[in-house]
Amino acid sequence: MNVLGIETSCDETAAAVVRDGREVLSNVVASQAAVHATWGGVVPEIACRAHLETLTPAIDEALARAGIGLGDVDAVAVTTHPGLIGALLVGVAAAKGLAFALGKPLVGVDHIEAHIYANILAPFDELRANGGEHEPPFVSFIISGGHTTLFEWRGPGDMDRLGETRDDAAGEAFDKVAALLGLPYPGGPSVEKAARAGRRDAIRFPRTSVGHGAKHRRPLDTSFAGLKTAVLYYLRGQDASRPGAPGPYAPPEGVNVADVAASFQEAAVDVLVDAAVRAVERRGVERLAVGGGVAANGRLRERLEEAARRHGFRLFIPPRSLCTDNAAMIAGLGYHNLRLGRDVGLEIEARAR
Ligand code: KG4
Ligand code: ZN
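1. Topic: the pattern of salt bridges
Pairing between side chains of opposite charge can happen when their charged atoms approach one another.
Thought 1: All told, the structure shown has 24 salt bridges when counted by the stated rule.
Thought 2: Asp221 is paired through a salt bridge with Arg166; the nearest N and O atoms lie 2.7 Å apart. Of the two residues, Asp221 sits in the loop between α7 (187-195) and α8 (225-235) while Arg166 sits in the loop between β8 (158-164) and α6 (170-180), which places them 55 residues apart along the sequence.
Thought 3: Classification of Asp221 as buried rests on a relative accessible area of 3%.
Thought 4: What you see here is one network of salt bridges that share partners, running through Arg200, Arg207, Glu266, Asp270, Arg299, Glu302 and Arg303.

2. Details of the side chain of Thr79
Thought 1: Considering the arrangement of structural elements, one finds Thr79 in strand β4 (residues 75-81).
Thought 2: Here the side chain of Thr79 touches Glu7 through a polar contact of 2.7 Å, side chain to side chain.
Thought 3: If we ignore the near neighbours within four places in the chain, the residues touching Thr79 are Ile6, Glu7, Ser9, Leu88, Val92, Val109, His111 and Ile330.

3. So, unusual backbone geometry
Thought 1: Note that the residue after His81, namely Pro82, is joined by a cis bond; omega there is -20°.
Thought 2: By the element assignment, Pro82 lies in the loop between β4 and α3 (85-102).
Thought 3: Of note, the bond from Tyr185 into Pro186 is cis; its omega dihedral lies within 30 degrees of zero at -5°.
Thought 4: Within the secondary structure, Pro186 is located in the loop between α6 and α7.
Thought 5: One non-glycine residue, Asp20, lies in positive phi territory at about 55°.

4. Quick notes on the pairing of strand β3 (residues 23-31)
Thought 1: Looking at chain direction, strand β2 (residues 12-19) and β3 are connected through eight bridges and run antiparallel. Pairing of Val17 across the sheet is with Ser26, part of β3.
Thought 2: In sequence, β2 turns back onto β3 through a hairpin of three residues, with Asp20 there showing a positive phi of about 55°.

5. Description of the environment of Leu63
Thought 1: Structurally, Leu63 is set in helix α2 (residues 44-66).
Thought 2: Its relative accessible area of 6% is what places Leu63 among the buried residues.
Thought 3: When the C-alpha atoms of Leu63 and Ala15 are compared, they prove to be 8.7 Å apart, with 48 residues separating the residues in sequence.
Thought 4: If near-sequence neighbours (up to four positions away) are discounted, Leu63 is found in contact with Leu4, Val17, Ile68, Gly69, Leu70 and Val73.

6. Considering the site of ligand 1
Thought 1: Taken together, 18 residues form the shell around ligand 1, and within it Gly145, Asp175, Gly188, Glu192 and Asn297 come nearest.
Thought 2: At a separation of 3.5 Å, an oxygen atom of ligand 1 approaches a polar backbone atom of Gly146.
Thought 3: Contacts to ligand 1 include Asp325, whose side-chain N or O atom sits 3.1 Å from an oxygen atom.
Thought 4: Contact with the protein chains removes 88% of the 550 Å² of surface that ligand 1 exposes when unbound.
Thought 5: The cavity where ligand 1 resides is the largest pocket.
Thought 6: Taken together, the residues that form the shell around ligand 1 break down as four nonpolar, 11 polar and three charged.

7. Quick notes on the sheet that holds strand β7 (residues 148-155)
Thought 1: Taken together, the five strands give an open sheet; going across it, the order is β8-β7-β6-β9-β10, and neighbouring strands pair in mixed fashion. The open sheet has two edge strands with one neighbour each: β8 and β10 (314-316). In this sheet, neighbouring strand axes are inclined to one another by 25° on average, regardless of whether the strands run parallel or antiparallel.
Thought 2: Bridge analysis of β7 against β8 gives six bridges, and the strand direction is antiparallel. Note on β8: the bridge partner recorded for Leu150 is Gly163.

8. Details of the packing of aromatic side chains
Thought 1: Evaluated as defined, the whole model comprises four aromatic pairs.
Thought 2: Relative to Trp153, the ring of Phe138 has its centre 5.6 Å away and its plane inclined at 20°; by these criteria the two rings are stacked. Residue Phe138 is found in strand β6 (residues 138-143), and its partner Trp153 is found in strand β7; the two are separated by 15 residues along the sequence. For the pair shown, Phe138 and Trp153 are each scored as buried.
Thought 3: Summarising the aromatic geometry, the rings of Phe174 and Phe264 are spaced 5.0 Å apart at their centres and angled 75° between planes, so their arrangement reads as edge-to-face. You can see Phe174 sitting in helix α6 and its partner Phe264 sitting in helix α9 (residues 257-283), a full 90 residues away along the chain. Phe264 shares its class with Phe174; the two are buried.
Thought 4: In textbook terms, an aromatic cluster arises when at least three aromatic residues are bridged by ring pairs, as seen for Tyr117, Phe138 and Trp153.

Reading the values: the criteria
Residues numbered from 1 in each chain as written. Chains lettered and ligands numbered in written order. Predicted model: local features only at pLDDT ≥ 70, side-chain atom pairs only at ≥ 80, totals over all residues. Heavy atoms only, no water. Salt bridge = Lys/Arg side-chain N within 4 Å of Asp/Glu carboxyl O. Helix = DSSP H or I, 4+ residues; strand = E, 2+ residues; numbered from the N terminus. Buried < 20%, exposed > 50% of the residue type's maximum accessible area, 1.4 Å probe, protein only. Polar contact = N/O pair within 3.5 Å; in protein donor to acceptor, adjacent residues only side chain to side chain. Contact = heavy atoms within 4.5 Å. Pairing = 2+ DSSP bridges. Near = heavy atom within 4 Å. Areas by Shrake-Rupley, 256 points an atom, 1.4 Å probe, with all protein chains shown as cover. 1 Å grid on protein atoms, 1.4 Å probe; cavity = no way out; pocket = protein on both sides within 12 Å on 5 of 7 lines; lining within 4 Å. Sits in = over half its atoms within 2 Å of the grid points. Nonpolar A, V, L, I, M, F, W, Y, C, P; charged D, E, K, R; others polar. Axes fitted to C-alpha atoms, helices over the stretch in contact; angles between N-to-C directions. Phe/Tyr/Trp six-rings, centres within 6.5 Å; stacked < 30°, edge-to-face > 60°.

Below you can see the structure in the form of structure tokens.
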């Protein structure tokens, strides 16, 4: 069964064709990063307009690369939530029109669960070779611009939330620190690049571990706002106890941007790895699957691999192209939702949360 996936929840316009929920026949992502870079972040109205302009060509390209025509599409899957509401509406409206015109089923997909599902899709060749190593259940850590959430995922629709950030998402912290350092949007890749030339131990930024100690009711929560603020105060040469307005958005004279980037990245990675290891140990699940844009970070991948060796769990991380927003994960999970009868029908609606 060929499922056409459509994803427009934020600033990537994406379309993909996935066969039987596993085999990625095409995965087209038209990034709007260049459009939003001028503004230093995603501008919702500009994102909607760009989706409108780019979605039809992206769908055409996804079909062409998959070597199929519209008549070979068996179902249309689309992200319904969470995301920017105007941006989601563009994808949902297009998907409804297409499904109606083709007389094929329409299915809605949760973007966050789809990031988890990317782990099932990703290593398809590998999967065929090793016969199902990537099957759930696993602990899944979705680390993106909007979420930093730990789940236990037992299969489509069958999951528990174990913990999440109390404030900023990890990707948001990368984006804000990049802005403070005068590095270009999107911030995550810019910080990672700058960090390569820096020393990880140059500055000791705080690691806010919410969950240590038995008294915590939500022991697997994380926090990134304190770390971001520590970078801000460091750049202003101030004591963190003294309040102040954010900015200026350029590194002060004499600041070693690479050292700040590397030290910040190391602190953020420490917090993430610590939470992941504790989640795996608490749940007694021997597999960790990571996803979301921040999972593209090389230092995080390296440190998670190290932790997996040390603590004896299996680690799955999709290739970078399936960590950041894409429609293959939407088509993949959409196939299962359709089989389960979840969110199927022309009455599905976009919603921000
Ligand atoms: O999953 P995603 O593409 O979109 C959301 O659903 O949010 O994640 C985007 C986030 C952004 O905050 C971006 O800066 C971050 O992922 N990101 C990275 C890297 N690549 C993307 N953060 C750190 N290092 C990277 N290499
Ligand atoms: Zn995402």
